Amino acid sequence: SAPPSARLAAIGQAAWARGSHAEARFDEDRAAMGEEAVGSAVEARLAAGNSVSALEVARQALAVSKKARDPRGEALALLALAKARQAAGEEDAAMAAARRAQGFLKDSGDHLGQARALQVIASVQFNKGYWELCLRAARDAQRSLAQCAADAGGEDVARLVREVETLAAHAHHARGEEPPQSERRAAALQAVQELGQALEARDATKFQQVLARLKETGCYTGTDTSRVFAPALEEDEDSVSSFLFEHMRWHFDEGVPPGALQSSEYCGPADVCCLRTFPSPLALQSGSGVGPAQGLLTWQQSCGQLTMRFRLMDGPRTQVPGGWAEEDVVVQLADRRLKLTLGGDPVKAMTGDLWGEIWRKDSWWAIEEEDEQAVLVITLLKRELRTWAQPWTTIGSTASRAPFPWNKSMREYGDNNNRSGILGTLPPQDLVDESELEAVAPGRPEPEEDEAVPNGGYARTLPGDVFSPPSERFICRPEDLCLGITADQDSNSITIQVHFERSAFYELRQRHPLEKVFAVDVWENALCIFLQGDKQNPIVWGELNGPCLPYHTTWRLSSSESMRRRQDDNTLVSPSLEVRIHKAPGALGPWPQIFGQCVQARLMAKPWEQGAPRFEGLPDVATARRAGYDLEDPDFWSLVNGYCHETIKKTGHST
């Protein structure tokens, strides 16, 4: 067959004949410049700040490569598309494109190309705050680079090695640990020490020389420079800050790894990091269809939900992308099964038993248009907060097997009792049975109320201010399950734990997917931990006593020994939500106090003791009155009295 460049030139000539001059010019230019030109063109547009143009170029290149049946060209176009999407803030789409590119490049034995794709994946994970996943992708990229021939790419290989090692160093520091030693790391630390000496001497010439060498070496972070600069800053903060601002201005940024791709969502000084999902391990975070679904299905998951993207094609409706409208699509769900029907015909590739149990009541589907193609998006909310090996159960899999009844409790209450983790407690009897397939109506869930705004706070969307009615997303109040709140710090980070009463927590877990319950928002100088649907009554809202790195924040569900004595059964640990916030490079070390100002929600009273007082939360922190329209809540009438009092003071009357 003809080489790719010849096929591309032929496609270009055909486009001229159709009158598609813009497409033809692009095809001919690419044929003349070669396959690598696409990446250069995209990078040039990104450097100029034109992400829209970069996306267009990458999409055109992908279409041309598909027409030319050029797998390598398609892989390079996908890689360019991943970079353009990330720059445009489309993190999930960037990840999907990079993974597809990696698959093509792996099949072709292109180790350098694989490393480039893995660098994009690692960078996306870093931007999303998934340090372990970032490190895994970076290590895979380093292994691919190690297999490259010494002369393969030359300067490009050296640059990529530097950028990947630098990204890994940032991820290690973000996790609160030291990066592993290597020859490059040792050289970087030596240069950082010399940089500190030049700073103390205010020697601008030497400072710039060492800084240039340090940038070539890479493998250092803002944490390294901050440690070296700290003594000089303590001695003469104003003079040192002025020197650094003049000669090393980027030191005052958020510590983004040099060479790492940045999206518009990456945290700057005024942005907010919104945590809503618990990440899965990198190896199981995404995948693609096999067998009948190969080339049609891709999927991504967190611990609490799984999203499938199925390409629609060859439908009877020529006026809509893919040929299928919403009325042609039927998605049926049961707690362990999914069935897709198009035009009355079952789709084998999207019908089968699921790897784990889901909540039909919370799952949803919609049709989206992506790159001029129709994509069916199905998001499944898991009943258990855990990673699935894959979407579907396979023959011989243990995923769908009922646990053996090892004791009397399991025989009496069934296998669901074992999965809930509360031995001796009956599953809720009022839940709707979801064991049989039922059709789910199309549509996405309503957006979250009260959008976070820069510099802390929210733009309220619910009418009525403190008297607003409950959100449709409301599930429960902090006082329904929170036993206590603790906050600790070390030199690098702040850890806040919200402790839950075990029985109340597991009752909640048996009724709702946990990724629809908990939420955390972190700004540079503030944080808010709340229950979704009850954002106006946060568990903790606080202004920090120093700056932090919002997108370095991590969270997880854990357990705690410290609050077990507050439970009815104090022989068991209490579940907890742990939030870890990393201090900004210029604010490392112990703070006099974690919060400048802070309020907390009222906590549980002992439900097993009549008239018991409520548990205490953070010491010396005020408890906020509960907002919202609830005539049965004493705080409501307290707020009414306060409103009337303030209104009379201002106007002389109460209306």
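Residues numbered from 1 in each chain as written. Predicted model: local features only at pLDDT ≥ 70, side-chain atom pairs only at ≥ 80, totals over all residues. Heavy atoms only, no water.

Undergrad: Which parts of the structure should I look at to understand helix H10 (residues 183-201)?
TA: Residues lying three or four places apart along an α-helix face the same way, a consequence of the helix completing one turn every 3.6 residues. Counted at 1.5 Å a residue, the expected span for H10 with its 19 residues is 27 Å, and the 28 Å between its end C-alpha atoms agrees. Where H10 is concerned, the buried positions are Arg185, Ala188, Ala191, Val192, Glu194, Leu195, Gly196, Ala198 and Leu199. The first or second residue beyond H10 is Arg202, which carries a positive phi of 55 degrees. (Helix = DSSP H or I, 4+ residues; strand = E, 2+ residues; numbered from the N terminus. Expected span 1.5 Å × (residues − 1). Buried < 20%, exposed > 50% of the residue type's maximum accessible area, 1.4 Å probe, protein only.)

Undergrad: Just to check I follow, could you spell out the environment of Val331 for this structure?
TA: Residue placement: Val331 occurs in strand E5 (residues 329-334). Its relative accessible area of 1% is what places Val331 among the buried residues. Through-space distance from the C-alpha of Val331 to that of Trp364 is 9.1 Å; in sequence the pair is 33 residues apart. With residues near it in sequence (within four places) discarded, Val331 still touches Lys339, Leu340, Trp365, Ile378, Glu438, Ala439 and Val440. (Contact = heavy atoms within 4.5 Å.)

Undergrad: What exactly am I supposed to notice about the sheet that holds strand E1 (residues 273-275) here?
TA: Pairing between sheet strands relies on hydrogen bonds along the backbone, with the strands arranged either parallel or antiparallel. The mixed open sheet is built from six strands, whose spatial order is E1-E16-E17-E18-E21-E22. What marks the edges here is a single partner per strand, and that holds for E1 and strand E22 (622-623). Direction of pairing for strand E18 (residues 540-544) relative to strand E21 (residues 595-600): antiparallel, over a ladder of five bridges. Across the sheet, residue Val540 finds its bridge partner in E21, namely Gln600. (Pairing = 2+ DSSP bridges.)

Undergrad: When you look at empty space enclosed by the protein in this model, what are you seeing that I'm missing?
TA: Where empty space is left can be seen by rolling a probe of water-molecule size over the atoms. Under the criterion given, the structure shown has one cavity of 30 Å³ or more. Here the largest cavity defines a volume of roughly 40 Å³. Taken together, Gly304, Lys382, Arg383, Glu384, Leu385, Arg509, Pro513, Leu514 and Glu515 make up the lining of the largest cavity. (1 Å grid on protein atoms, 1.4 Å probe; cavity = no way out; pocket = protein on both sides within 12 Å on 5 of 7 lines; lining within 4 Å. Points joined across faces, edges and corners; volume = space filled by probe spheres on them.)

Undergrad: Is there a simple way to explain the side chain of Asn537 in this structure?
TA: Structurally, Asn537 is set in the loop between strand E17 (526-531) and E18. The class for Asn537 is buried, based on a relative accessible area of 6%.

Undergrad: I would appreciate a short explanation of the packing of H10 against helix H11 (residues 204-217) in the present structure.
TA: For any two helices packed against each other, one specifies the inter-axial angle together with the distance between the axes. Where H10 meets H11, the axes come as close as 9 Å, and the angle between the chain directions of the two elements is 165 degrees. On the basis of their axis angle, the class for H10 and H11 is roughly antiparallel. Where H10 crosses over H11, the two elements pack in a sense that is left-handed. Contacts from Arg184, Ala187, Ala188, Ala191, Val192, Glu194, Leu195, Gln197, Ala198 and Leu199 in H10 reach Lys206, Phe207, Val210, Leu211, Arg213, Leu214, Glu216 and Thr217 in H11. Class assignment of the residues belonging to the contact of H10 with H11 gives a composition of eleven nonpolar, two polar and five charged. (Axes fitted to C-alpha atoms, helices over the stretch in contact; angles between N-to-C directions. Parallel < 35°, antiparallel > 145°, perpendicular 65-115°, else oblique. Left-handed = near helix turned anticlockwise from the far one by under 90°. Nonpolar A, V, L, I, M, F, W, Y, C, P; charged D, E, K, R; others polar.)

Undergrad: Any chance you could explain the packing of helix H7 (residues 111-128) against helix H8 (residues 131-146) here in plain terms?
TA: Remark: H7 packs on H8, axes separated minimally by 8 Å, with the N-to-C direction vectors making an angle of 165 degrees. In terms of axis orientation, H7 runs roughly antiparallel to H8. Considering only the axes of H7 and H8, their crossing is left-handed. Contact residues: His111, Leu112, Gln114, Ala115, Leu118, Gln119, Ile121, Ala122, Gln125 and Phe126 in H7; Trp131, Leu133, Cys134, Ala137, Ala138, Asp140, Ala141, Ser144 and Leu145 in H8.

Undergrad: I would appreciate a short explanation of the pattern of salt bridges in the present structure.
TA: Side-chain pairing between opposite charges can occur once the charged atoms of the two side chains come close. According to the stated counting rule, one finds 29 salt bridges in the structure shown. Salt-bridge contacts for Arg336 lead to Glu357; the nearest nitrogen and oxygen are separated by 3.9 Å. One end of the pair, Arg336, is in the loop between E5 and strand E6 (337-342); the other, Glu357, is in the loop between strand E8 (352-353) and strand E9 (358-370), with 21 residues separating them in the sequence. Here the two residues Arg336 and Glu357 agree in accessibility, since each one is buried. Put simply, Glu561 and Arg564 hold a salt bridge, and the shortest N to O gap is 2.7 Å. Among the charged side chains, a salt-bridge network with shared partners connects Arg477, Glu479, Asp480, Arg602 and Arg614. (Salt bridge = Lys/Arg side-chain N within 4 Å of Asp/Glu carboxyl O.)

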